[in-house]
Amino acid sequence: MIYELEDTTKVLDLFKDWQETLIYSCLQKVMGKIYVTEPDAPKSACAFVGCFAFFAGEPNEELVKNKPDGFVIMIPQNEAWESVIEECHSTANKVIRYAIKKDTRFDREKLNSIVSNLPTGYEIHEIDSELYDKCLEDPVTADFVSSFESKDSFLKIGRGMVITKDGRIVSGASSYTRYNEGVEIEVDTVSDERRKGLALIACAALILRCLNENLYPSWDAQNMNSVRLSEKLGYEYDHEYVAYEVDRMQRTH
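**A few points about the overall build of the protein chain**
Scanning the protein chain from N- to C-terminus turns up nine helices and 13 strands. In summary, the protein chain has a C-alpha radius of gyration of 18 Å against a globular reference of 18 Å for 253 residues, a match within 12%. Taken over the C-alpha atoms alone, the protein chain extends approximately 55 × 35 × 35 Å along its principal axes. Across the 253 residues of the protein chain, 52% fall into the buried class. The long-range fraction of contacts in the protein chain, counting pairs at least 24 apart against all pairs at least 6 apart in sequence, stands at 66%.

**Observations regarding the layout of surface pockets**
A volume near 1500 Å³ is recorded for the largest pocket. Among the elements that line the lining of the largest pocket, the one with the most residues is strand E10 (residues 182–189), at six residues. A volume near 390 Å³ is recorded for the second largest pocket. Residue lining of the second largest pocket: 19 residues in total, with Met31, Gly32, Lys33, Phe48 and Glu149 positioned closest to the centre. The set of elements that each furnish at least two residues to the lining of the second largest pocket consists of strand E2 (33–36), strand E3 (44–49) and helix H7 (151–157). Broken down by element, the residue count for the lining of the second largest pocket peaks at three residues, all from E2. Of the residues contributing to the lining of the second largest pocket, the split by class is ten nonpolar, five polar and four charged.

What counts and how
- Residues numbered from 1 in each chain as written.
- Predicted model: local features only at pLDDT ≥ 70, side-chain atom pairs only at ≥ 80, totals over all residues.
- Heavy atoms only, no water.
- Helix = DSSP H or I, 4+ residues; strand = E, 2+ residues; numbered from the N terminus.
- Rg over C-alpha atoms; globule rule 2.2 N^0.38 Å.
- Buried < 20%, exposed > 50% of the residue type's maximum accessible area, 1.4 Å probe, protein only.
- Contact = heavy atoms within 4.5 Å.
- 1 Å grid on protein atoms, 1.4 Å probe; cavity = no way out; pocket = protein on both sides within 12 Å on 5 of 7 lines; lining within 4 Å.
- Points joined across faces, edges and corners; volume = space filled by probe spheres on them.
- Nonpolar A, V, L, I, M, F, W, Y, C, P; charged D, E, K, R; others polar.

See the structure below:
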């Protein structure tokens, strides 16, 4: 049987040394949930937030099979968990993702210079109540806000910057998730506005906003393009890791 764990301190050791802010969000009970099969003395756990599931401790088929409908990215703690995921979800797509170091020292002057290069005809805004609603109108921009349980939750603890053209959101960088000490960055640009430097500008603006609030803007890369974008902002590559995309055909973009 699967249980949602109320006292997340019971699984701190299972996730020990795993530097992943989405896990922090769950452990700190800011957002997301921790699932276990043994609520009193858990030996296995799944930290689930957004569309990400992180598996730690002793490999457990029941936890791996307990997925919501739709697209999920499963992250195994080790090869033993990899085997269980492959057995339970034989059609899952095994991919490589790229972790970025969590101790970046940002150059504010450089970031401000990037933001100043916003092309003529474009505007940059913080995500407010109206822009929150507009984000949800397009699958490309929905992830800027959709991991939060409500609009009120995002407006209270989320952070986001979007670039608009003629009133349309064309690019942005936002908090995919929030943890006590910072945010995990989500960035995207609509297909017809790519290769104009808009994502770089939106990210620089979001990082500056986070720094002004003493929040750390964490970055994790889906692909090498994301790694290269992060490096332009001052981040440093750390290591690659394995992930599994489950029910990929249900991904919205």
